[in-house]
Amino acid sequence: MFNKPASILLVTLLLLSAIPLTEGNSAGKYNQSAGCSCHATSGTTAASVALSGHPSSYTAGQTYTLSIAVTGGVSGNDGGFSLDVNKGSLSSGIGFAVNVDSAGTSGTHSITGSSQRSWSLDWTAPSTGSGQATLSVAGLTADGNSQNGGDRWATAVYQVPEAGAAPNTPPTASNVVLGPSGATTTSTLSLSYTYSDQENDPDSGTTIEWFRDGSLLSNTGGTATASPSLTSKHQEWYAVVTPSDGADAGTSVTSNLLIIANSVPTMYPPSIAPSSPESADNLSFWIGSAIIDNDQDNITIETRWLLEGVVVSDLDNSAQVPSYATRVGENWSMEVRASDGEATTAWQTSQTVQIGGETPNTPPSVSSAIVGPSNPVTGDDLVLTYGFTDADGDAETRSEMEWYRNGAVDPVFKGSSVPASSTAKGQSWFAKVRVNDGAAWSAWISSNTVIIGNTPPVTTSIQLSQTSITTLEDATVQFSQSDVDGDLRANSQIIWLKDGVQINALDDSTTLFAQHTSKGEVWTVQVRAGDGTSLSETMLEAELSIINSAPSVELLLSESPSILNPLVLTTTTADVDGDLPTTSIQWYRNGFLEASLSNQTTVPANFLGPGQQWSVEVSVHDGTEFGTAAYGEVSIANLPPTASIEQQSPSVWIGEVVILDASTSSDVDGQVVSYVWTWSDVNGGSGSGTGATFTLIPTGGASVNLLVTDDLGATATANLPLMPVQGPVVTELEASVDGQTVNLEWTYDGPNATFNIERNGAIVATVATLEYSDEPLISGQTSYTVRPVIDGLSLQSGSSASTVVEVMPAVETANSQVSFSGSVIGFLLVFLGAGALGLVLFERRD
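An account of the accompanying structure is given in this report. Note that this is a predicted model, so its numbers are computed, not measured. (Residues numbered from 1 in each chain as written. Predicted model: local features only at pLDDT ≥ 70, side-chain atom pairs only at ≥ 80, totals over all residues. Heavy atoms only, no water.)

## Comments concerning the pairing of strand E58 (residues 754-759)
Note the cut-off: Three labels apply to residues, based on accessible area from a 1.4 Å probe with only protein chains included: buried if under 20% of the type maximum, exposed if over 50%, partly exposed otherwise in between. By the criteria applied, helices consist of DSSP H or I runs no shorter than four residues and strands consist of E runs no shorter than two, each listed in order from the N terminus. A pair of strands is considered paired only if DSSP assigns at least 2 bridges between the two.
The element E58 is extensively covered by neighbouring structure, given that five of its six residues are classed as buried. When E58 meets strand E59 (residues 762-767), the two strands line up antiparallel, connected through five bridges. By the bridge assignment, Asn756 is partnered in E59 with Thr766. Linking E58 back to E59 in an antiparallel pair, the connection comprises two residues, with Asn760 at a positive phi of about 55°.

Pasting the structure below:
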């Protein structure tokens, strides 16, 4: 039951989606970053547009989110923008407020985005090596009335260099002037500017945009001129120059505003008919050619009739003079002027006719008309002089003068002069004059035309950056000027004199470069300010002196000084003035001055000790002043010790003690304070120890390592390989018992030795023979071992195998005499003991 309403709603939404929400350009315009031709730029509060989110320098291929905001302008929320990029590509990002063209080089607001004044879109930076990118944006504030009037837009240009690339400095444009001054619809508009580039890159790709009544023109071809066919009276013209050196575009500069002036109509003098009237003739006039108005304005004319040179006001704008108004002998003339509603031509005068019957009066004439001076500047008054002649000998009774500025009559000046305050450079002036003899006017005579020339500027001040410099420094000159024409400073004359002699290489340079100077010179700079056309008649000068440049010194200390290697100092001095510098040397050991080494370049080795910190200060003087001292510092190296192993044991036998000695290890600049031993043999035996001597018992081929350390922590190692062999051995130990005596005999196959006799593990005797008799203290089993001793060292593996014997106890016969005697002695001892005890007890009773 809901299907039909849903279908109707869907169809309605589809139809609405096909209807534009608004007219005009609410959906935006691509490629209009210089502003559009459909909205005004004046008449409301100024707008401004800003672009943010762009980097100070871009990384190739990286994407940046750009934000555009337009402020000021008309009140409300409606607005729009157009963003153009010359490198990289744009994308609309998230949302529906922004559209981007298929090339990705221009972005603008969508219909959805036309009701806001801030937008965002993405810009992906170009590839590596693309150079500086230009982001140009125009922002619009609209009043939402679906009309173009009342809106306001603004533009901005941003330059983004490539990160890591050698930066190219964009060129600049200055002195941007749109002319000619006072242009009319017959004038070709021309734009002039001064191109400058810091790297002296040529002008390449500079664009010129022409704006007429605030709208950008697309049919000017980007040239520096605009055809008269494009102009109309009262239009406001200006141009925008964006300089380019082929790699980067500079900041756009807007010219002056030029308003197209009204063209004054042109016409020829009228003629009176008939040319020889009688008293019965009506006087009429005719104009030989059509009145021309280059603006195609509607033309109206005024007429006036003159009797004897005096205007008859009752006949103003009359096409004729009726015959009843004339008398025989009267002299009549008439004047006509045309108007286009804004400008009026000068009165054009007909010939003078005389009503027939009397001798006619001959009108006077102007023999010459000259405006002087012939080459005026803005400081000169213009003065008209002329000559009067009259064939009848009549005197001049009156005259009329008109002044023409840039081809148009000036409504103010009617006399013989124009004050300088009313002229401007570049204007053209001429005058017309006619004279009257009391009866008739002469024809209008035009003077010569003069062009108001440039008034030279006046140099008003000069200042040097320093009054004294060294030969390592540059100096710059700054100056100011005044110019009644309002011209900017250009092509000024700057002369540098060294000791009164001009240095041509520095002509017109504002900088005195250091390479041109030498100590003791006096330099003078002379400046005459220029305006691009003329130089100031006033020359100002300033003076500076070249003073002494301080010398410099560098030092180098020898590497790895020690008690074996002296510390050597090498110095290098320089003086740009060519002076011969002298040096002073001071040595410091551990921060304390070593006065005995003053001005020495070598510290002998006997002064050095490991770990010491030596520093040196070298002062330099050129006879006038000290330069910056040089400092150096070095640590005295600690030389490593020498490790040495000496074998104390004369022979190395398997299983026997080996004695090693490291006391011959040495340290030339200190002492050995630590000995660490490690060893291992092929049978898995190993061990370690400390001290100057070390013992080990190898069972096979062995390697002994020694690590010695000196008092400052330096180390050294030594290695001693050992190859033990089988040593001498006691063999065939035989033991026999004879009563209480044990008789030992053995054999021995080694070098001279003595033999330790060990009974139950304890040495009981040392003999030099191969036999020994022993009487053990106790009876029973007794173990014997014979161990050879060579050079005081008891062999371990060379001892005999132990042998065990048993000694029987001895049996003795009792002796009665001895027993009796013992008994007697025993009784005596008991008796004496009892007596002594009695004496003790007796004394205690007392």
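After that view, the rundown keeps rolling.
## Points about empty space enclosed by the protein
Where we set the bar: Each cavity reported here is a set of points on a 1 Å grid over the protein atoms alone in which a 1.4 Å probe fits but cannot get out, each pocket an open set with protein on both sides within 12 Å along at least five of seven lines, and each lining residue one with an atom within 4 Å of a point. Grid points are joined across faces, edges and corners, and a volume is the space filled by probe spheres set on the points. Under the scheme applied, nonpolar residues are Ala, Val, Leu, Ile, Met, Phe, Trp, Tyr, Cys and Pro; charged residues are Asp, Glu, Lys and Arg; polar residues are all the others, including Gly.
Tallied over the entire structure, the rule returns one cavity of 30 Å³ or more. As for the largest cavity, its lining consists of Ser649, Pro650, Ser651, Trp653, Val657, Ile790, Asp791, Leu793 and Leu795. Its residues placed into classes, the lining of the largest cavity shows six nonpolar, two polar and one charged.

## As for the sheet that holds strand E37 (residues 493-498)
Spatial strand order, E35-E41-E40-E37-E38: five strands in an open sheet with mixed pairing. The sheet is open, and its two borders are formed by strand E35 (468-469) and strand E38 (501-502), each paired with just one other strand. Both strand E40 (residues 522-528) and strand E41 (residues 540-546) contribute to a ladder of six bridges, which runs antiparallel. Considered in E41, the bridge of Gln526 is made with Glu541.

## Here's the deal with the sheet that holds strand E18 (residues 270-273)
If you trace the three strands from one edge of the open sheet to the other, you get E18-E19-E22, paired in antiparallel fashion. Two strands close off the open sheet at either side, each with one partner strand: E18 and strand E22 (320-321). Bridge count between strand E19 (residues 283-287) and E22: two bridges; the pairing is antiparallel. Bridge pairing links Leu283 to Val321 in E22.

## Here we look at the pairing of E19
The pairing of E18 with E19 spans four bridges and is classified as antiparallel. From the neighbouring strand, Ile272 faces E19, where its bridge partner is Phe285.

## Topic: unusual backbone geometry
Note the cis peptide between Ala273 and Pro274, where omega equals -5°. The residue Pro274 is located in the loop between E18 and E19 in this model. For the bond from Gly372 to Pro373, the omega torsion is 0°, close enough to zero to count as cis. Here Pro373 lies in the loop between strand E26 (365-372) and strand E27 (382-389). For Asn175, which is not glycine, the phi dihedral falls at a positive 50°.

## Some points on the pattern of salt bridges
Our working rule: Should a side-chain nitrogen of Lys or Arg be within 4 Å of a carboxyl oxygen of Asp or Glu, the pair is scored as a salt bridge.
Across all of its chains, the model carries 14 salt bridges by this definition. A salt bridge links Asp410 to Arg405, with the nearest nitrogen and oxygen atoms 3.4 Å apart. A relative accessible area of 3% means that Asp410 is categorised as buried. Residue Lys498 pairs with Glu521 through a salt bridge whose shortest N-O separation is 3.8 Å. You can see Lys498 sitting in strand E37 and its partner Glu521 sitting in the loop between strand E39 (511-512) and E40, a full 23 residues away along the chain. For Lys498, a relative accessible area of 27% puts it in the partly exposed group. Put simply, Arg304, Glu335, Arg398, Glu400 and Arg434 are held in one network by salt bridges that share partners.

## Observations concerning the side chain of Asp437
The cut-off we apply is this: Positive charges come from Lys and Arg, negative ones from Asp and Glu, while His and the chain ends are left out of the count. N or O atoms within 3.5 Å of each other form a polar contact, as long as, within protein, one can give a hydrogen and the other can take it, and as long as residues adjacent in sequence are counted only when both atoms are side-chain atoms. In what follows, residue pairs with any heavy atoms lying within 4.5 Å of each other are defined as contacts.
You can see Asp437 is positioned in the loop between strand E31 (428-436) and strand E32 (445-446). Despite its burial, Asp437 pairs with no opposite charge; the closest candidate is Arg398, at 9.4 Å N-O. At a separation of 2.8 Å, a polar atom in the side chain of Asp437 contacts the main-chain amide nitrogen of Ala440. If near-sequence neighbours (up to four positions away) are discounted, Asp437 is found in contact with Asn361, Thr362, Pro363, Pro364, Phe388, Asp390, Asp394, Ala395 and Thr397.

## Some thoughts on the environment of His516
Position of His516 among the secondary structure elements: in the loop between E39 and E40. For His516, a relative accessible area of 26% gives the class partly exposed. The sequence separation of His516 and Thr471 amounts to 45 residues, and the corresponding C-alpha distance is 8.2 Å. For His516, the contacting residues outside a window of four places in its chain are Lys498, Ala505, Leu506, Glu521 and Trp523.

## Quick look at the nonpolar core
For soluble globular proteins, the rule of thumb is that nonpolar side chains tend to be buried together. What counts is decided by this rule: In these notes, a set of buried Ala, Val, Leu, Ile, Met, Phe, Trp, Tyr and Cys residues joined through side-chain atoms within 4.5 Å is what counts as a nonpolar core.
Among the nonpolar cores identified, the biggest contains 25 residues, and Leu66, Ile68, Leu83, Trp123 and Leu135 are the most heavily contacted of them. If you list the elements that add at least two residues to this core, you get strand E1 (47-52), strand E2 (63-72), strand E3 (79-85), strand E7 (118-124), strand E8 (133-141) and strand E9 (152-160). Each residue touching Leu135, except ones within four places of it in the same chain, is listed here: Leu51, His54, Leu66, Leu83, Asp84, Val85, Trp123, Ala156, Val157, Tyr158 and Val160. Among the nonpolar cores identified, the runner-up in size contains 20 residues, and Ile645, Leu660, Leu696 and Ala716 belong to it.

## A word on a negative patch on the surface
What counts here: Like-charged residues are merged into a patch within 9 Å and nonpolar side chains (Val, Leu, Ile, Met, Phe, Trp, Tyr) within 5 Å, provided each residue has over 30% relative accessible area and no salt bridge. Residue burial considers only the protein chains on display, and all accessible areas are found by Shrake-Rupley using a 1.4 Å probe. To locate a charge, take NZ of a lysine, CZ of an arginine, CG of an aspartate or CD of a glutamate.
A cluster of acidic residues, Glu732, Glu734, Glu745 and Glu771, forms a negative patch on the protein surface. Of note, Glu732 is situated in strand E56 (residues 730-738). By relative accessible area, which is 57% here, Glu732 ends up exposed.

## Re the layout of surface pockets
Of the volumes computed, that of the largest pocket is approximately 990 Å³. If you go around the largest pocket, you meet 43 residues; those closest to its centre are Ser33, Ala34, Glu209, Val240 and Ser252. For the lining of the largest pocket, the secondary structure elements donating two or more residues are E3, E8, E9, strand E12 (207-212) and strand E15 (236-242). Sort the elements by how many residues they give to the lining of the largest pocket and E9 lands first, with seven residues. Tallied by class, the residues present in the lining of the largest pocket amount to 16 nonpolar, 21 polar and six charged.

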